[in-house]
Amino acid sequence: MMSQRGAERQLNLRDFPLVLKFFDKDRNEGMNPTRLSTKRLIWWKCPRNADHKWQMRFRKSSKSLRCPFCHSLAYLFPELAKEFHSKKNAPRAAEVIGARSHLTVWWKCSKNGSHQWEESVRSRTKRGSGCPLCREKK
């Protein structure tokens, strides 16, 4: 008996109306949204901003989708995103990391570039924490 975990299944996006509005018909040319494979990468397009496009698999457990760009650190917290250490966090980018992510990343102080530290994105966006080295000096 084959495990359901690795089995390919067909999904009908009409059963998921909140997801169907993200389906990018142009980039998924020839793909039928009523018969999608759970193993196949699918192109999605934000209904609020047509420039926001991304590729990912759809899982039945995902009853809805969110645009990763509209909910990103860079989009929601542009000033804080300037402290995101792009070199130490590569290939990750502030434009695709969720603003409420628990992911721990590197930060670079906007007041003193030699101040660098690791902290979760969520602690910076939700709690408003700043540079720990500047905080210690006060």
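Please read all numbers here as calculations on a predicted model, not as lab measurements.

**Section: the pattern of salt bridges**
Within the structure shown, the criterion is met by two salt bridges. Salt-bridge contacts for Glu-83 lead to Arg-124; the nearest nitrogen and oxygen are separated by 2.8 Å. On the criterion of sequence distance, the pair formed by Glu-83 in the loop between α3 (78-81) and α4 (86-89) and Arg-124 in helix α5 (residues 121-126) is long-range, its members being 41 residues apart. Taken individually, Glu-83 and Arg-124 each receive the classification buried, so the pair is uniform in this respect.

**Thoughts on the nonpolar core**
With 16 residues, the main nonpolar core has Leu-13, Val-19, Phe-23, Ile-42, Trp-44 and Phe-58 as its most contacted residues. Among residues more than four places away in sequence, those in contact with Leu-13 are Val-19, Leu-20, Phe-23, Pro-33, Thr-34, Leu-36, Trp-44 and Phe-58.

**Considerations on unusual backbone geometry**
Peptide bonds are mostly trans, and most non-glycine residues show a negative phi. Look at the link from Ala-90 to Pro-91: it is a cis peptide, with omega at 10°. One can find Pro-91 in the loop between α4 and β5 (104-108).

**Focus: the side chain of Ser-120**
By secondary structure assignment, the location of Ser-120 is in strand β6 (residues 116-120). What makes Ser-120 buried here is its relative accessible area of 18%.

**Comments concerning the pairing of strand β3 (residues 42-45)**
Where burial is concerned, the two faces of β3 differ: the one with Ile-42 and Trp-44 is buried and the one with Trp-43 and Lys-45 is not. Across four bridges, the pairing between β3 and strand β4 (residues 53-56) is antiparallel. Along β4, the bridge assignment pairs Trp-43 with Gln-55.

**A few points about a positive patch on the surface**
A surface patch of positive charge is lined by Arg-9, Lys-39, Arg-57 and Arg-59. Mapped onto the elements of the fold, Arg-9 is located in the segment before β1 (10-11). The class for Arg-9 is partly exposed, based on a relative accessible area of 40%.

**Some remarks on the confidence of the model for the protein**
When pLDDT is averaged along the protein, the result is 89; 92% of the residues meet or exceed 70. For the protein, β1 is the element with the lowest average pLDDT, namely 84, and β5 is the one with the highest, namely 98.

Definitions and limits used
Residues numbered from 1 in each chain as written. Predicted model: local features only at pLDDT ≥ 70, side-chain atom pairs only at ≥ 80, totals over all residues. Heavy atoms only, no water. Salt bridge = Lys/Arg side-chain N within 4 Å of Asp/Glu carboxyl O. Helix = DSSP H or I, 4+ residues; strand = E, 2+ residues; numbered from the N terminus. Buried < 20%, exposed > 50% of the residue type's maximum accessible area, 1.4 Å probe, protein only. Core = buried A, V, L, I, M, F, W, Y, C linked by side-chain atoms within 4.5 Å. Contact = heavy atoms within 4.5 Å. Pairing = 2+ DSSP bridges. Patch = residues over 30% accessible without salt bridge, like charges linked within 9 Å, V, L, I, M, F, W, Y side chains within 5 Å. Areas by Shrake-Rupley, 256 points an atom, 1.4 Å probe, with all protein chains shown as cover. Lys, Arg positive; Asp, Glu negative; His and termini not counted. Charge placed at Lys NZ, Arg CZ, Asp CG, Glu CD. pLDDT = per-residue confidence, 0-100.

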